[in-house]
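Structure at a glance
Residues per chain are reported as follows:
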Amino acid sequence: MRKRGSLLIWLDKEMAWLAPHDGSPGRPAVFSDAAIQFCLTIKVLFKLPLRQATGMVASLLKMADLDWAVPDYTTLCRRQKTLAVQIPYRRANGPLNLLVDSTGIKFLGDGEWQARKHGVQGRRQWRKVHLAMDTATSDIRAVEFTSSSDGDSPVLPDLLDQIPEGEDIGTVTADGAYDTRRCHTAIINREATAIIPIRKNGRPWKENCPAAIARNETLRATRYYGRAFWKRWTGYHVRSRIEAKMRCLKAFGERIAARDPDRQTAEIQIRIALMNRFSALGTANIVRVG
């Protein structure tokens, strides 16, 4: 945990700071994607405006005795829209067990204190962040960014598509909002087990597919043993860990600074990359000595 408070920033002198010439028509990019992501990471980590972030990056490069040029405001703002953010993660042994949930994050409107003290001055707008977390490493393995009007269940197949085909998925744990045919079908197609509670008014489905058969088995077990016992038996309560992870996401700020959807997506992905890096730094290495 002490490593998370360290101010050391490691810069690899061999990293490709400048973009290579790929031979495509038009003016070539000056800075690589790694350089753009580094500058935007400093912005998100220290909650700085974009121009102040460029000044901090310049000072970091100077302290590291690196004679590298710093992208200006216009370059960072333009490249953020098309940036392919690299999100690091760790893989554990065995099948991947996922926890899935979503949360809302604000990008326009008054803060909670100002709205409570002076009333809402204008319309507040939100976006939804959908996450899939690995239970073994606490790393975020998949992320989707949608509008506030989109539901949770339609996004689950897109989250599972972000997991490589060659990686086995053991279980997918989610709340009752994901109790739909689309979600159960997507989970069965990945040869995984769905740990999703049946809605209180849920009825048996016509068993015309493997997803319906598995879902009806859950319904019968819930009715026979009770919902409380089923949740303890399946380990459903571990889903609270993904809810705690949402608090880590908002620790970087209750709102996002970007206004364009593509730039907002890049900003959220950079937050996820930082969260995974913090998880790696804060995880204890346990070694058996006897």
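Residues numbered from 1 in each chain as written. Predicted model: local features only at pLDDT ≥ 70, side-chain atom pairs only at ≥ 80, totals over all residues. Heavy atoms only, no water.

Once that is clear, we can look at the overall build of the protein chain. Each helix and strand counted, the protein chain has 10 helices and five strands in total. In terms of overall dimensions, the protein chain has a C-alpha envelope of 70 × 60 × 50 Å along the principal axes. Sequence separation of 24 or more characterises 59% of the internal contacts of the protein chain that already satisfy a separation of 6 or more. Accessible surface, the protein chain as shown: approximately 16900 Å² in total, 52% of it carbon and sulfur. (Helix = DSSP H or I, 4+ residues; strand = E, 2+ residues; numbered from the N terminus. Contact = heavy atoms within 4.5 Å. Areas by Shrake-Rupley, 256 points an atom, 1.4 Å probe, with all protein chains shown as cover.)

A few words on the pattern of salt bridges. Inspection of the entire model under this criterion finds 13 salt bridges. Here Arg239 and Asp101 are joined by a salt bridge, their closest N and O atoms 3.2 Å apart. Of this pair, Arg239 sits in the loop between helix 8 (227-234) and helix 9 (240-250) while Asp101 sits in strand 1 (residues 96-108), placing them 138 residues apart in sequence. In this structure, Arg239 and Asp101 share a single accessibility class: buried. A salt bridge links Arg239 to Asp175; the nearest nitrogen and oxygen atoms lie 3.9 Å apart. Highlighted residues: Arg239 in the loop between helix 8 and helix 9 and Asp175 in the loop between strand 4 (169-173) and helix 6 (181-189), separated in sequence by 64 residues. What emerges from the salt-bridge pattern is a single network uniting Asp101, Asp175, Arg239 and Glu243. (Salt bridge = Lys/Arg side-chain N within 4 Å of Asp/Glu carboxyl O. Buried < 20%, exposed > 50% of the residue type's maximum accessible area, 1.4 Å probe, protein only.)

For Lys47, which is not a glycine, the phi torsion comes out positive at approximately 55 degrees. The residue Lys47 is located in the loop between helix 1 (33-45) and helix 2 (50-63) in this model. For Glu191, which is not glycine, the phi torsion reads 55 degrees and is therefore positive. Take Glu191: it is sitting in the loop between helix 6 and strand 5 (193-195). A relative accessible area of 74% places Glu191 in the exposed class.

A word on helix 3 (residues 73-80). For helix 3, the full list of buried residues reads Thr75, Leu76, Arg79 and Gln80. Down the axis of helix 3, the sector holding all buried residues measures 120 degrees, keeping them to one side. The elements touched by buried residues of helix 3 are helix 1, helix 2 and helix 10 (261-282). (Arc of directions from axis to C-beta.)

It is worth spelling out the packing of helix 1 against helix 3 at this point. Two numbers describe how helix 1 lies on helix 3: the axes approach to 10 Å, and their chain directions differ by 105 degrees. On the basis of the axis angle, helix 1 is roughly perpendicular to helix 3. On the side of helix 1, the interface is formed by Asp33, Ile36, Cys39 and Leu40, while helix 3 contributes Thr75, Leu76, Arg79 and Gln80. (Axes fitted to C-alpha atoms, helices over the stretch in contact; angles between N-to-C directions. Parallel < 35°, antiparallel > 145°, perpendicular 65-115°, else oblique.)

Below, the discussion takes up the packing of helix 9 against helix 10. Where helix 9 meets helix 10, the closest approach of the two axes is 10 Å, and the angle between their N-to-C directions is 115 degrees. Considered as vectors, helix 9 and helix 10 are oriented roughly perpendicular to each other. As helix 9 packs across helix 10, the resulting crossing turns out to be right-handed. Listed contacts from helix 10 to Lys245, Cys248, Leu249 and Lys250 of helix 9 are Arg271, Ile272, Met275 and Ser279. Per-class residue counts for the contact of helix 9 with helix 10 are four nonpolar, one polar and three charged. (Left-handed = near helix turned anticlockwise from the far one by under 90°. Nonpolar A, V, L, I, M, F, W, Y, C, P; charged D, E, K, R; others polar.)

Further remarks concern the confidence of the model for the protein chain. Looking at the protein chain, the pLDDT average stands at 90 and 92% of residues meet or exceed 70. Strand 4 holds the highest mean pLDDT among the elements of the protein chain, 97, whereas helix 4 (residues 112-118) holds the lowest, 61. (pLDDT = per-residue confidence, 0-100.)

Further remarks concern helix 2. For helix 2, built from 14 residues, the straight-helix expectation of 20 Å at 1.5 Å per residue is met to within 8% by its first-to-last C-alpha distance of 20 Å. Along helix 2, the residues classified as buried are Leu50, Ala53, Thr54, Val57, Leu60 and Leu61. The buried residues of helix 2 occupy an angular sector of 125 degrees when projected down its axis, which confines them to one face. Exposed side of helix 2, more than 90 degrees from the buried face: Arg51, Lys62 and Met63 are the residues found there. Buried residues along helix 2 sit against helix 1 and helix 3. Downstream of helix 2 by one or two residues, Asp65 has phi in the positive range, about 55 degrees. (Expected span 1.5 Å × (residues − 1).)

With the rule as written, the count across this model stands at six aromatic pairs. Seen in terms of ring centroids, Tyr225 and Phe229 are 5.3 Å apart; in terms of plane orientation they differ by 35 degrees. Their pairing is tilted. Residue classification places Phe229 among the partly exposed residues on the basis of a relative accessible area of 37%. Through a chain of ring-to-ring contacts, the aromatic side chains of Trp17, Phe38 and Trp68 assemble into a single cluster. Lying over the aromatic face of Tyr89, Arg141 brings its terminal NZ or CZ to 3.9 Å of the ring centre. A cation over an aromatic ring shows up here: Arg215 above the ring of Trp205, its NZ or CZ 4.3 Å from the ring centre. (Phe/Tyr/Trp six-rings, centres within 6.5 Å; stacked < 30°, edge-to-face > 60°. Lys NZ or Arg CZ within 6 Å of the ring centre and 35° of its normal.)

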